[in-house]
Amino acid sequence: MHLSQIRLDSPVMLAVIGVLALIAVVSVPWFWDKWRKRKQLGRSATVLVALCLVIVTLGLTGNMIGGFFPTLGSLLGTGAFAAEGIDVEGGDNGVDLGRARDLGVAHARVGKGTIAHVTVTGKRTGLTRDVTVYLPPQYFQHPYKAMRFPAITWIPNYPSGPEVTTAPIGYHLPEQLDSAISKHLLPPVIVLIPDPTGTPKIGHDTECVDEVNGSPNDTYLSADVRDWAIQRLGVNPDRRAWTIAGWSSGGYCALNLVTRHPQWYAQAASVSGYEKAQVDGETENLFRGRKDIEDANNVRINVRLHPAPLELLAISGEKEQNESRAVDQMRAAAQPPVQFTTWRIPDAGHNMNTFKAQLPDVLSWIGQRIPGPSAPAHQADVTGGVKPWPLPKTGARGALAEVEQ
């Protein structure tokens, strides 16, 4: 059996191991005085078994809540993609996406999008990673055949990969997209869900940045995946048709990538994100002492020194002290033409339930800002006149267009 076939998100497995842990804990005092021979060895073994089962139970519970690893293979970094809710395997660079046509047409009849898994190899970076693609019902309908669709790049939270968006313990993004599109809260949109980390995941939190002497994660996520989607899926290249969104580390990635690349993106939505790359036991040595590169990946600094015509949404829970402080600092630092919207959620902490509760409103916010599918047009400047980061420092000062909700 392959490691990717061993599920870690099974409620049945959690229940069984939880019961075994309870029995083991009860057994420790029960057998404490019953060991006649090798008493010390028996006692130590009983305590060790009980402790291991309790730790495994807590770990599985945390995994269920956070939706991090669906299989043992994903935890150990075997590189095998295993996600539930995938409708079709699109192959390397989407070479087999054509096989989704009939299924997509059938799904479209009932207002359901189609989920494909592909591996995308970046032309700039050479990195190859998993990407889950949501194709809206309209993508397979004849009136939209020649249309260019807007796109959302959805960045999963560390240590999750694309599977968290479709797994039973995840946040069911495809269903949320179907609902928002059917209610006309969101135009038909293609959603790209790339793996921001690669393998192995444990101890390899990339924070979506181009590491100094390391993986070019930013370039892969911001440029390679975008270029592939424009060429292979016919996504609208206009920057105003592109949004990046995410939760937790994915929220930081969204804000950072968009503020660094306003020539390609016009909107970002962050739930429980922060302003700069986190440095902890799971993060690699991303910048290797290069303070200039570290500052170049600080959203607070970029919205102050390099403002561009961007619309940014940052959401934090009332109980998220660090995230709320970061949001306040970014909003205070932002300079026109940046529009920085913030939402503070009462009595909410840093957990997936908070995020899932905000997801419909996030999609509606995006839907109010991106264009719908449009006929192809030869545009002289799909960047809207926005120059790539870094931008020249501007001396403009004035009232910040901000909204508190």
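Above this text you will find the structure in question.
Residues numbered from 1 in each chain as written. Predicted model: local features only at pLDDT ≥ 70, side-chain atom pairs only at ≥ 80, totals over all residues. Heavy atoms only, no water.

### With respect to the overall build of the protein
Right, so step 1: On a plain count of helices and strands, the protein comes out with 11 helices and 10 strands.
Right, so step 2: Contacts in the protein between residues at least 24 apart in sequence constitute 77% of all its contacts with a sequence separation of at least 6.
Right, so step 3: As displayed, the protein has an accessible area near 18,000 Å², and 57% of this comes from carbon and sulfur atoms. (Helix = DSSP H or I, 4+ residues; strand = E, 2+ residues; numbered from the N terminus. Contact = heavy atoms within 4.5 Å. Areas by Shrake-Rupley, 256 points an atom, 1.4 Å probe, with all protein chains shown as cover.)

### Observations concerning the nonpolar core
Right, so step 1: Counting 57 residues, the largest nonpolar core has Val-133, Ile-190, Leu-192, Trp-228, Leu-233, Trp-242 and Leu-312 as its most contacted members.
Right, so step 2: Among the nonpolar cores identified, the runner-up in size contains 31 residues, and Ile-181, Ile-315, Ala-348 and Met-352 belong to it. (Core = buried A, V, L, I, M, F, W, Y, C linked by side-chain atoms within 4.5 Å. Buried < 20%, exposed > 50% of the residue type's maximum accessible area, 1.4 Å probe, protein only.)

### Structural notes on the pattern of salt bridges
Right, so step 1: Tallying each qualifying case throughout the model produces 10 salt bridges.
Right, so step 2: The partner of Asp-238 in a salt bridge is Arg-240, with the nearest N and O atoms 2.8 Å apart.
Right, so step 3: Among the ionic pairs, Asp-292 bridges to Arg-290, the shortest N-O distance being 2.7 Å.
Right, so step 4: Via salt bridges that share partners, Asp-328, Arg-331 and Arg-344 belong to a single interconnected network. (Salt bridge = Lys/Arg side-chain N within 4 Å of Asp/Glu carboxyl O.)

### Observations regarding the state of the cysteines
Right, so step 1: Taken as a whole and assessed by the stated rule, the structure comprises one disulfide.
Right, so step 2: Disulfide pairing places Cys-208 opposite Cys-253 at an S-S distance of 2.1 Å. Disulfide Cys-208-Cys-253: torsion about the S-S bond near 85°, hence right-handed. Residue Cys-208 is found in the loop between strand 5 (190-194) and helix 6 (217-233), and its partner Cys-253 is found in helix 7 (residues 249-260); the two are separated by 45 residues along the sequence. Here Cys-208 matches Cys-253 in class, with each residue buried. (Disulfide = S-S within 2.5 Å.)

### Some words on the packing of aromatic side chains
Right, so step 1: Taken as a whole and judged by the stated rule, the model has eight aromatic pairs.
Right, so step 2: When the ring of Tyr-171 is compared with that of Phe-355, the centres are 4.6 Å apart and the planes differ by 90°; the resulting orientation is edge-to-face. One end of the pair, Tyr-171, is in the loop between strand 4 (151-155) and helix 5 (173-182); the other, Phe-355, is in helix 11 (residues 352-367), and 184 residues separate them in sequence. Phe-355 matches Tyr-171 in its accessibility class, with the two residues each being buried.
Right, so step 3: Measuring from centroid to centroid gives 5.3 Å for Tyr-252 and Tyr-274, while their planes differ by 10°, and the two rings are stacked. Linking Tyr-252 in helix 7 with Tyr-274 in the loop between strand 7 (267-271) and helix 8 (291-296), this pair joins segments that are 22 residues apart in sequence.
Right, so step 4: Residue Tyr-274 is classed as buried on the basis of its relative accessible area, which comes to 9%. (Phe/Tyr/Trp six-rings, centres within 6.5 Å; stacked < 30°, edge-to-face > 60°.)

### As for helix 4 (residues 101-109)
Right, so step 1: Burial in helix 4 covers these residues: Gly-104, His-107 and Ala-108. One face of helix 4 carries all of its buried residues, which in axial projection span an arc of 100°. Residues of helix 4 that are exposed and point over 90 degrees away from its buried face: Asp-102 and Arg-109.
Right, so step 2: In this structure, the buried side of helix 4 is in contact with strand 2 (114-121).
Right, so step 3: In the segment just after helix 4, Gly-111 is the residue with positive phi, at about 70°. (Arc of directions from axis to C-beta.)

### Re the packing of helix 5 against helix 11
Each pair of packed helices gets described by two things: the angle between the helix axes and the distance between those axes.
Right, so step 1: Axis separation between helix 5 and helix 11 bottoms out at 10 Å; the angle between their running directions is 40°. Relative to helix 11, the element helix 5 lies oblique. For the pair helix 5 and helix 11, the crossing hand works out as right-handed. Touching Leu-173, Gln-176, Leu-177 and Ala-180 of helix 5 are Lys-356, Leu-359, Pro-360 and Leu-363, all from helix 11.
Right, so step 2: Classifying every residue of the contact of helix 5 with helix 11 by side-chain character gives six nonpolar, one polar and one charged. (Axes fitted to C-alpha atoms, helices over the stretch in contact; angles between N-to-C directions. Parallel < 35°, antiparallel > 145°, perpendicular 65-115°, else oblique. Left-handed = near helix turned anticlockwise from the far one by under 90°. Nonpolar A, V, L, I, M, F, W, Y, C, P; charged D, E, K, R; others polar.)

### Digging into helix 6
Right, so step 1: Of all the bends in helix 6, the greatest, near 25°, is centred on Asp-224.
Right, so step 2: Of all 17 residues that make up helix 6, 13 are buried, and the element is covered over most of its length.
Right, so step 3: With its phi angle positive at about 75°, Gly-234 sits one or two positions after the end of helix 6. (Bend = angle between axes of the 7 residues up to and from the residue.)

### Some details on the environment of Trp-247
Right, so step 1: Note on placement: Trp-247 falls in strand 6 (residues 242-247).
Right, so step 2: On a C-alpha basis, the gap between Trp-247 and Asn-157 in space is 5.8 Å, while along the polypeptide they are 90 residues apart.
Right, so step 3: Not counting residues up to four positions away in its chain, the partners in contact with Trp-247 are Ile-155, Asn-157, Val-271, Ser-272, His-350, Asn-351, Met-352 and Phe-355.

### Looking at a nonpolar patch on the surface
Right, so step 1: A cluster of nonpolar side chains, contributed by Val-12, Val-16, Val-19, Leu-20 and Ile-23, occupies part of the molecular surface with about 440 Å² of accessible area.
Right, so step 2: Position of Leu-20 relative to the elements: it lies in helix 1 (residues 11-31). (Patch = residues over 30% accessible without salt bridge, like charges linked within 9 Å, V, L, I, M, F, W, Y side chains within 5 Å.)

### Things to note about unusual backbone geometry
Where the residue is not glycine, phi is negative for most of them; where a peptide bond is considered, it is trans in most cases.
Right, so step 1: Residue Pro-337 follows Pro-336 across a cis peptide bond; omega there is 10°.
Right, so step 2: Tracing the sequence through the fold places Pro-337 in the loop between helix 10 (321-333) and strand 9 (339-345).
Right, so step 3: Within the chain, Glu-207 stands out as a residue other than glycine whose phi angle is a positive 55°.
Right, so step 4: Here Glu-207 shows up in the loop between strand 5 and helix 6.
Right, so step 5: With a phi angle near 60°, Asn-213 is a residue other than glycine that sits in the positive phi range.
Right, so step 6: Looking at the secondary structure, you find Asn-213 in the loop between strand 5 and helix 6.
Right, so step 7: Its relative accessible area of 72% is what places Asn-213 among the exposed residues.

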